[in-house]
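As a plain string of letters, each chain reads:
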Amino acid sequence: MRRGPGTLPMNNEGVDRIPVEPNISADYFERERDAIFKQVWLKVGRIEEVADSGDFFVRDLSVLNASIIIVRGSDGELRAFHNICRHRGNRLKPICAGRAKTFTCGFHGWAFNVNGDLAHVPLEEQFGALDKASLGLLPVAIDTWQGFIFINLDPNPSETLASYLGELTSLVEGYPFVQMARSGQWTAEIQSNWKTFQDAFVEAYHVQSVHRRSIPDYHATPVPSDLTTFGRHSNLTFYLDFQHSPQPAEAWAFKAGSMAFLQANDADNNAQPTAKGINRQSKPNWIFDEFLIFPNFHLFLGEGWMLCHDFWPISVDQTDWSVSYFLQDVDSPVLKIAQEYSKVTMRDTIREDLATIESTHSSQRSGALEYMLVSSALEGLVSHHHRVVDAYVTGNT
């Protein structure tokens, strides 16, 4: 195997050479699975999905070779369990969500309550002195942060979620997460390595080419983004100078309020985000801050909107991708219309992002390209993410 991102020298100051091999090597992918995804905290949902006792959802996570049940117990406590019957290992629930009192195995009828306890065994007397108290569902560590649900396959993780997130927690403190409501969701299975997929979302250099139609201003007057790293995590702050003459609907939507994607801070009655880690330079042309929460969760925070990208590896060549768009809950019909315009703009921009992902991975698989050339000023977070991945894989964290 070729050397990792941390060992290849730069060919000149300000340019990193990132090897392609980790993006196409099945062996390297298996090492990522064991060293990263089976060891760290992973975001799997929002607390609104399990608001009341008995509410649950199931996440099948190929990279973990696991299926997980997230459930709100009868006591109101949030829990996570392996989706496995303690009898002979049958899967209890398919991929689904809903409300339940028990989870009953379809094989032999063993039933577990929503707190994970084994509640019923058909023909229990045939099992002798069965200790049901010790045969509850197998637990998975779970915790929440700002309404996001995280799990860790280790039931007793060596690091708390707060410690894992580190400085990130204080940077977004004060952002109105509780006011955000899911407005749209898109999913796809992409033929690409998970790192290659994520690379496209941690730099703004591509905007002038990929988004020349949806974001024409950036092509005319590109504004460098601010790039910051926080240990294993990172942050991109995106700015945009509006230069074009907007279409009537666009102009009206922007005039209506700041609750819109690509809305700079010149709308009427605009208020700056209150979180100290957002728009830290207090620039008037600020659009959003993106936080890459290692390894695979990207959180975009704008004025009145929030975007969540999840990149779940399936194999070295496949990624299960999901993006959820949240908008601040408002009462004004005018603002609601502006938000709908914003949602359509976001959808079209994301579609453009997908245009190059699979072709990049397909080309890299040829083996012809040994390394990528990455600008530390424009694409420094690409380098950072690959270095963190390699540090985990090689045991140098």
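These figures come from a predicted structure and were not determined experimentally.

### Comments concerning the sheet that holds strand β11 (residues 148–152)
Moving on, step 1. The antiparallel open sheet is built from seven strands, whose spatial order is β2-β11-β10-β5-β4-β3-β6. Two strands close off the open sheet at either side, each with one partner strand: β2 (42–46) and β6 (97–99). On average, each strand axis in the sheet is inclined to that of its neighbour by 30°, with strand direction left out of account.
Moving on, step 2. Strand direction decides the pairing type here: strand β10 (residues 139–145) and β11, joined by five bridges, are antiparallel. Within β11, the position partnered with Trp145 by the bridge is Phe148.

### Examining the side chain of Asp55
Moving on, step 1. Among the secondary structure elements, Asp55 is positioned in strand β3 (residues 55–61).
Moving on, step 2. Residue class for Asp55 comes out buried when judged on its relative accessible area of 10%.
Moving on, step 3. Excluding its chain neighbours within four sequence positions, the residues that come into contact with Asp55 are Glu49, Val50, Ile70, Val71, Arg72, Gly98 and Arg99.

### Examining the sheet that holds strand β9 (residues 118–120)
Strand pairs in the sheet, formed through backbone hydrogen bonds, run parallel or antiparallel to each other.
Moving on, step 1. Strand order in the open sheet formed by three strands is β7-β8-β9, and the pairing between neighbours is antiparallel. Of all strands in the sheet, those bounded by a partner on one side alone are β7 (102–104) and β9. Neighbouring strand axes in the sheet, compared pairwise and without regard to direction, differ in orientation by 35° on average.
Moving on, step 2. Pairing analysis gives two bridges linking strand β8 (residues 111–113) to β9, with the strands arranged antiparallel. Considered in β9, the bridge of Phe112 is made with Leu118.

### Quick word on the nonpolar core
For soluble globular proteins, nonpolar side chains are generally found buried alongside one another.
Moving on, step 1. Grouped together as the largest cluster of nonpolar side chains are 57 residues, with contacts concentrated most on Ile68, Ile70, Trp145, Phe148, Leu299, Leu301 and Met306.
Moving on, step 2. If we ignore the near neighbours within four places in the chain, the residues touching Met306 are Phe148, Tyr175, Phe177, Met180, Leu299, Phe300, Leu301, Ser324, Tyr325 and Phe326.
Moving on, step 3. Formed by 30 residues, the second largest nonpolar core is a distinct cluster that contains Ile24, Ala204, Leu240 and Ile287.

### Observations concerning the packing of aromatic side chains
Working definition: an aromatic ring pair is given by the centre-to-centre distance plus the angle between the planes.
Moving on, step 1. According to the stated counting rule, one finds 17 aromatic pairs in the structure shown.
Moving on, step 2. Their ring planes at 80° and their centres at 6.0 Å tell us that Phe148 and Phe177 sit as a pair that is edge-to-face. In this pair, Phe148 sits in strand β11 while Phe177 sits in the loop between α4 (168–171) and β12 (180–190), placing the two residues 29 residues apart along the sequence. Each member of the pair Phe148 and Phe177 is classed as buried.
Moving on, step 3. Between Phe197 and Phe311, the ring centres sit 4.9 Å apart and the planes meet at 80°, which makes this aromatic pair edge-to-face. One end of the pair, Phe197, is in helix α5 (residues 194–199); the other, Phe311, is in strand β17 (residues 305–315), with 114 residues separating them in the sequence.

### Observations concerning the pairing of β11
Moving on, step 1. Where burial is concerned, most of β11 is hidden: five out of the five residues are buried.
Moving on, step 2. Going residue by residue along β11, you find Phe148, Phe150 and Asn152 tucked away on one face and Ile149 and Ile151 tucked away on the opposite face as well.
Moving on, step 3. The sheet contact formed by β2 and β11 spans four bridges and is antiparallel. Counted as the bridge partner of Arg46 is Phe148 from β11.
Moving on, step 4. The loop that links β10 with its antiparallel partner β11 comprises two residues; one of these, Gln146, has a positive phi angle of about 50°.

Rules used throughout
- Residues numbered from 1 in each chain as written.
- Predicted model: local features only at pLDDT ≥ 70, side-chain atom pairs only at ≥ 80, totals over all residues.
- Heavy atoms only, no water.
- Pairing = 2+ DSSP bridges.
- Helix = DSSP H or I, 4+ residues; strand = E, 2+ residues; numbered from the N terminus.
- Axes fitted to C-alpha atoms, helices over the stretch in contact; angles between N-to-C directions.
- Buried < 20%, exposed > 50% of the residue type's maximum accessible area, 1.4 Å probe, protein only.
- Contact = heavy atoms within 4.5 Å.
- Core = buried A, V, L, I, M, F, W, Y, C linked by side-chain atoms within 4.5 Å.
- Phe/Tyr/Trp six-rings, centres within 6.5 Å; stacked < 30°, edge-to-face > 60°.

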